[in-house]
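Understanding the architecture of this molecule
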Amino acid sequence: MQEYIDLFLSFISENESWAAPLIGLMAFLESLFVIGLIMPATVIMIATGALIGAEALSPLPILIGASIGCFLGDNASYFIGRKIRPGLRRSAVFQKHRNLILRAHLLFRKYGAYAVFLGRFMGPLRSTVPTVAGILRAPLLKFQIANLCSALIWPPLYMLPGILVV
């Protein structure tokens, strides 16, 4: 996996015009239900921060791309949750990731729409909380506000360690 991450980072540092859309795609995929569990976007975000700190990439387009990507990814996960709601418990995905989905459910029950914001910063829950919000039919406006706030804060926060190291 590290080989692919290195190849990706090398590509975006050599092709800056592709960097923002590709980082946005990585953030999108990491925010998608199930796919987000296997995406190494956190490592890529920190390493991208190092490229920004080394002045190999411009920060603003990267941050905008990442914010748009994770915002759209959470939206897709929310609507996936609304769509799969009836059959989720019988699905293979639920059986395989049961504990994670139940943890996201408890987080959402405890904190409501704030769980969408908090979940963005909680590793594996990042891609499951929006889906659970959709399953529980969270009000769309509350979901969108929490999603937007977290999408604006998450990229710079996750890139900051890389920026500071260089």
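Above this text sits the structure in question.
Everything quoted here is computed from the prediction, not taken from an experiment. (Residues numbered from 1 in each chain as written. Predicted model: local features only at pLDDT ≥ 70, side-chain atom pairs only at ≥ 80, totals over all residues. Heavy atoms only, no water.)

**What about the overall build of the chain?**
Within the chain, the secondary structure is distributed over nine helices and zero strands. Ordering the α and β elements of the chain from the N terminus gives α-α-α-α-α-α-α-α-α. The globule rule puts the C-alpha radius of gyration for 166 residues at 15 Å, and the 16 Å found for the chain is close to it. At a minimum sequence separation of 6, the contacts of the chain that also span at least 24 residues come to 78%. (Helix = DSSP H or I, 4+ residues; strand = E, 2+ residues; numbered from the N terminus. Rg over C-alpha atoms; globule rule 2.2 N^0.38 Å. Contact = heavy atoms within 4.5 Å.)

**Digging into helix α3 (residues 41-53)**
If you check α3, its first and last C-alpha atoms are 18 Å apart, about what 13 residues at 1.5 Å a residue would give, namely 18 Å. Within α3 the residues assigned to the buried category are Ala41, Ile44, Met45, Thr48, Gly49, Leu51 and Ile52. End-on view of α3: buried residues confined to an arc of 160°, all on one side of the axis. Along its buried surface, α3 packs onto α1 (2-14), α2 (16-31), α4 (59-84) and α9 (140-165). (Expected span 1.5 Å × (residues − 1). Buried < 20%, exposed > 50% of the residue type's maximum accessible area, 1.4 Å probe, protein only. Arc of directions from axis to C-beta.)

**Details of the packing of α3 against α9**
Interhelical geometry of α3 versus α9 gives an angle of 60° and a closest axis separation of 6 Å. With respect to each other, α3 and α9 are oriented oblique. When the axes of α3 and α9 are compared, the crossing they make is right-handed. The residues of α9 that touch α3, namely those facing Thr42, Met45, Ile46, Thr48, Gly49, Ala50, Ile52 and Gly53, are Trp154, Pro155, Tyr158, Met159, Pro161, Gly162 and Ile163. Partitioning the contact of α3 with α9 into residue classes produces ten nonpolar, five polar and no charged. (Axes fitted to C-alpha atoms, helices over the stretch in contact; angles between N-to-C directions. Parallel < 35°, antiparallel > 145°, perpendicular 65-115°, else oblique. Left-handed = near helix turned anticlockwise from the far one by under 90°. Nonpolar A, V, L, I, M, F, W, Y, C, P; charged D, E, K, R; others polar.)

**Looking at the side chain of Ser31**
For Ser31, the location among the structural elements is in helix α2. Its relative accessible area of 1% is what places Ser31 among the buried residues. Not counting the four nearest positions on each side in its chain, Ser31 is found in contact with Cys70, Gly73, Asp74, Ser77, Arg120 and Ser127.

**Considering the environment of Gly69**
Locating Gly69 in the fold gives a position in helix α4. Judged by its relative accessible area of 5%, Gly69 is buried. Separated by 86 residues in sequence, Gly69 and Pro155 have C-alpha atoms that sit 9.9 Å apart. Contact partners of Gly69, with chain neighbours within four places excluded, come to Gly24, Ala27 and Phe28.

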